[in-house]
Amino acid sequence: MRIRTFFALRLNDKVVRQLADCADGMCGHDRQLEVDWVDSDAYHLTLCFLGDTTLEQVDQLEDEAKRALSDEFSLQVHLDRIRYYQVNPELALIAALPSANEELVALQQHVADMVERVGIKPDAGDFKPHITLGRMPADNRFEHPCCWPELDLFSLADSVVLFQSKRGEHGSVYTPLFEVELQDLA
């Protein structure tokens, strides 16, 4: 059995509420109703998309993540903008993006390296850590705003989660498969 998986960071409730308000404001640009807006309960910061994964690989990932992330410290993630982000030739997103941050880049690379050690080749391409607010086909008529929202939101990232992603009738459903706590900053 194969399941779709990805590694992500959870967000604090205050940031989720503020992002939901921003997404609500962006809905006015979706005049053709092409965007599948994500329910705010599902907001997370995606670090690495693994794609189809076997249950055996999930077990290996959990063992490797516990070992590899045991010395990693929690970090503050600064979200500073919302943008249109074309993920691949078929998919585009409205996404909240973090500012350049050495700790986040290092954590993302550490997770990607860990995934490769388990034998999974993530599709790196032009991947950016992001929070998906809405999905749409890459071939769309979304009316880009003249000024995209700028953000100044901070969320403590204190654990890394492997999620299963199942496509549902009203968007994807995310189920945490395991979570690895990061060391406290203090």
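Refer to the structure presented above.
Asks: An account of the environment of V38 is needed here, citing residue identities and associated values.
Replies: Tracing the chain through its elements places V38 in the loop between strand 2 (36-37) and strand 3 (45-54). For the pair V38 and C27, spaced 11 residues apart in sequence, the C-alpha separation works out to 11 Å. Beyond its immediate sequence surroundings of up to four residues, V38 is in contact with Y43, T132, L133, G134 and R135.

Asks: Which residues make up the pairing of strand 6 (residues 131-137), and what values do they have?
Replies: Residues in a regular strand point their side chains to alternate faces of the sheet. Where burial is concerned, most of strand 6 is hidden: 6 out of the 7 residues are buried. The sheet contact formed by strand 5 (residues 91-98) and strand 6 spans 6 bridges and is antiparallel. Counterpart to A95 in the pairing with strand 6 is T132.

Asks: An account of the packing of helix 2 (residues 55-68) against helix 3 (residues 102-117) is needed here, citing residue identities and associated values.
Replies: Two numbers describe how helix 2 lies on helix 3: the axes approach to 10 Å, and their chain directions differ by 140°. Judged by the angle between their axes, helix 2 and helix 3 are oblique. Between helix 2 and helix 3 lies a crossing whose hand is right-handed. Within the contact between the two elements, helix 2 uses L61, E64, A65, R67 and A68 and helix 3 uses H110, M114, V115 and R117. A breakdown of the residues in the contact of helix 2 with helix 3 according to their chemical character gives 5 nonpolar, 1 polar and 3 charged.

Asks: Summarise the sheet that holds strand 5; cite the residues concerned and give the values.
Replies: An order of 2-6-5-4-7 is seen for the 5 strands of this open sheet, with the pairing classed as antiparallel. The sheet is open, and its two edges are formed by strand 2 and strand 7 (150-157), each paired on a single side. Lying on the sheet, helix 1 (residues 13-26) is in contact with strand 2, strand 4 (75-86), strand 5, strand 6 and strand 7; it crosses strand 7 at an angle near 150°.

Asks: Pulling in residues and values, what's your account of helix 2?
Replies: In this model, helix 2 (14 residues) spans 20 Å end to end at C-alpha, consistent with the 20 Å of a helix rising 1.5 Å per residue. Those residues of helix 2 that sit buried are Q57, V58, L61, E64, A65 and A68. Angularly, the buried residues of helix 2 cover 130° about the axis, an arc narrow enough to put them on a single face. Exposed positions of helix 2 whose direction lies more than 90 degrees from the buried face are E56, D63 and R67. For helix 2, the secondary structure elements touched by its buried residues are strand 1 (2-9), strand 3, helix 3, strand 8 (159-168) and strand 9 (171-181).

Thresholds, definitions, all that
Residues numbered from 1 in each chain as written. Predicted model: local features only at pLDDT ≥ 70, side-chain atom pairs only at ≥ 80, totals over all residues. Heavy atoms only, no water. Helix = DSSP H or I, 4+ residues; strand = E, 2+ residues; numbered from the N terminus. Contact = heavy atoms within 4.5 Å. Buried < 20%, exposed > 50% of the residue type's maximum accessible area, 1.4 Å probe, protein only. Pairing = 2+ DSSP bridges. Axes fitted to C-alpha atoms, helices over the stretch in contact; angles between N-to-C directions. Parallel < 35°, antiparallel > 145°, perpendicular 65-115°, else oblique. Left-handed = near helix turned anticlockwise from the far one by under 90°. Nonpolar A, V, L, I, M, F, W, Y, C, P; charged D, E, K, R; others polar. Expected span 1.5 Å × (residues − 1). Arc of directions from axis to C-beta.

Honestly, it's all geometry; don't read function into it.
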